[in-house]
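Chain and residue survey
Below are the chains, spelled out letter by letter.
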Amino acid sequence: MGPLITNGIISNGWDFVIAVVIGIAFGFILEASGFSSSRNIVGVFYGYNFVVLRVFFTAVVVAMVGLLYFDYFGWIELSKIFILPTYLTPMIFGGVVMGLGFIIGGFCPGTSFTAVAIGKLDAVFFAAGLYLGIAGFTLVYPYIGGFFNSGYIGNVTLTDVTGISAAWFAAGFTIVALAAFWGTMFIEKRVRKNIKEYKF
Amino acid sequence: MNRNYIFLTILMLLMAIGTFFLTRSNELKQIEPQELLREIIQPTRYVTTDQVAKMIIQKDPSLELIDVRSAEEFNDFALPNSINIPLDSLLNSTSLLNFGIPGTKVVFVANDDIQSDQAWVLTKRLGYNSTYVMTGGLNCWIETIIQPQEPLENESNTAFETYAFRKGAQLYFTGAKAEPQEASKIKVDVVRKKKTAAAAGGC
């Protein structure tokens, strides 16, 4: 059946409507998970709050396993799904930069906007900085464009690169995620004992 | 220890392990036989050589000519802008990318229309729409477009119109010299009205 637009079940014009609906739902879930508080988010780096890890790992694992089942039942054709092209080294570098920004700023781009929506001052500064960063990037792009476009592998999945079937990755990821859920629960308990004041 | 956590952990583990058993059968999906029968008796699945010629001349962007003959035959002679997909490699995953593009009309071409009919049935069974067969194939193309026969004098007007079109198409595809048209031989007398005197003033 799916992807709905690719298979012509609904027309192209709907993608913006769907994007808005999914965007609102995403923002709601982020806010409901407590992601509009930067203390909540950076807690993962200090060991007192692993909600970020839990929410994102849950999302990844459920989507991953769910898509495999959907593909099997014929509800969505995984072969027709758009796969983001991979630029290996720039993506690793970008991930490090993003992680640093995450620790320093206390938000990731999406959560900063949910925090702006509920009126957090630090998020307003973070969002402003985000746009400054975008502007800065466009200015230096001519100098770093070569690196930005290097390491191109194409629109590949892990299965394409390694030849290992998707089920192994799904099972592996799930086991890692579940282990992380249980492991972080104990870390949290131990770290929180030593924190005197803990408020969001 | 929350009991729900244990339950959810076990559920997620079972679901993940279950993905190992999701082996998809290698059979390609097919349309229902009834649907195939309904489509196969439609005369609209055929296009004539004239229609194809017209589309090529008009540079119709929706036309996608697929030549299902072997590569050697294709190299000897082929229609302009046609793509060679020999019948035995029609169902390759790369070949199948040519079908089902929205807004295109796939026309199968072969020496006759037997091979192209086979290609039509194969792709139709896979559920690809807007595929057509060129009636008579390239043999018919040579007979009608490249060497059109002049209709007999007692034939209908449409036969003459078709002939005129085919002669034009012949020029387009072969670059043959234009024969002087019958009509150009008729001498045309141009009768001009004499200018009347300028309207005289009334007042």
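Keep in mind it's a predicted model, so treat the numbers as computed, not measured. Along each chain, residues carry numbers from 1 onward, in the same order as the chain's sequence is written. Numbering of ligands from 1 and lettering of chains from A proceed in the order in which they are written. pLDDT decides what is reported in this predicted model: residues at 70 or higher carry local features, side-chain atom pairs at 80 or more are listed and counted, and totals for whole chains, interfaces and linings draw on all residues regardless.

Secondary structure elements are taken from DSSP: a helix is a run of H or I of four residues or more, a strand is a run of E of two residues or more, and numbering for both begins at the N terminus. When helices and strands are tallied, chain B shows 9 helices and 5 strands. If you list the helices and strands of chain B from N to C, you get α-α-β-α-β-α-β-α-β-α-β-α-α-α. In this scheme every C-beta is placed from the backbone, and a residue whose C-beta has 20 or more other C-beta atoms within 10 Å is buried, one with 12 or fewer is exposed, and one in between is partly exposed. Residue burial in chain B is summarised as follows: out of 203 residues, 19% are buried. Within chain B, residue pairs in contact and separated by at least 24 positions form 63% of the contacts whose partners lie at least 6 positions apart. In this description, a residue-residue contact is defined by the distance between C-beta atoms placed from the backbone, which must lie within 7 Å.

This brings us to the packing of helix α1 (residues 14–32) of chain A against helix α5 (residues 109–117) of chain A. Residue and element names in this part refer to chain A. Every angle, taken between N-to-C directions, lies between 0 and 180 degrees, and every axis is a line fitted to C-alpha atoms, over only the stretch in contact when it is a helix. At their nearest, the axes of α1 and α5 sit 9 Å apart, and the two run at 80° to each other. In terms of axis orientation, α1 runs roughly perpendicular to α5. Contacts from G27, L30 and E31 in α1 reach G110, T111, T114 and A117 in α5. All residues other than Ala, Val, Leu, Ile, Met, Phe, Trp, Tyr, Cys, Pro, Asp, Glu, Lys and Arg, Gly among them, are scored as polar; the first ten of these are nonpolar and the last four charged. Class assignment for the residues of the contact of α1 with α5 results in 2 nonpolar, 4 polar and 1 charged. Oblique is the label for any angle not under 35 degrees, not over 145, and not in the 65 to 115 range, which are roughly parallel, roughly antiparallel and roughly perpendicular in turn.

Before going further, it helps to examine the interface of chain A and chain B. Each side of the interface is counted separately: chain A has 11 residues, and chain B has 11 residues. Secondary structure elements with two or more residues in the side of chain A that touches chain B: α3 (51–73) and α8 (166–194) of chain A. Residue composition of the side of chain A that touches chain B, by class: 9 nonpolar, 2 polar and no charged.

Let us now look at the environment of B:P102. All names here are of chain B. With respect to the helices, strands and loops of the structure, P102 is situated in the loop between α5 (93–96) and β4 (105–109). When the 10 C-beta atoms within 10 Å are taken as the criterion, P102 is described as exposed. When the C-alpha positions of P102 and N129 are compared, they lie 9.3 Å apart, and in sequence the two are 27 residues distant.

Next up on the list: the packing of α8(A) against helix α1 (residues 3–18) of chain B. Relative orientation of the contacting elements α8(A) and α1(B) amounts to 165°, with a least axis distance of 8 Å. It follows from the interaxial angle that α8(A) and α1(B) lie roughly antiparallel. You can see that α8(A) and α1(B) cross each other, and the crossing is left-handed. Taken together, the residues of α1(B) that come into contact with α8(A) (itself represented by A:A170, A:A171, A:T174 and A:L178) are B:T9, B:M12, B:L13, B:A16 and B:I17. Taken together, the residues that form the contact of α8(A) with α1(B) break down as 7 nonpolar, 2 polar and no charged. Each crossing gets its handedness from the near helix: less than a right angle anticlockwise from the far helix is left-handed, clockwise is right-handed.

It is worth spelling out helix α3 (residues 49–57) of chain B at this point. Residues and elements named next belong to chain B. Burial in α3 covers these residues: T49, V52 and A53. In a view along the axis of α3, the buried residues occupy a sector of 100°, so they form one face of it. Of the surrounding secondary structure, the elements contacted by the buried residues of α3 are β1 (46–47), β4, β5 (131–134), α7 (137–146) and α8 (157–174). Looking at the residues trailing α3, positive phi occurs at K59, about 50°. By definition, the arc is the one covered by directions from the helix axis to the C-beta atoms.

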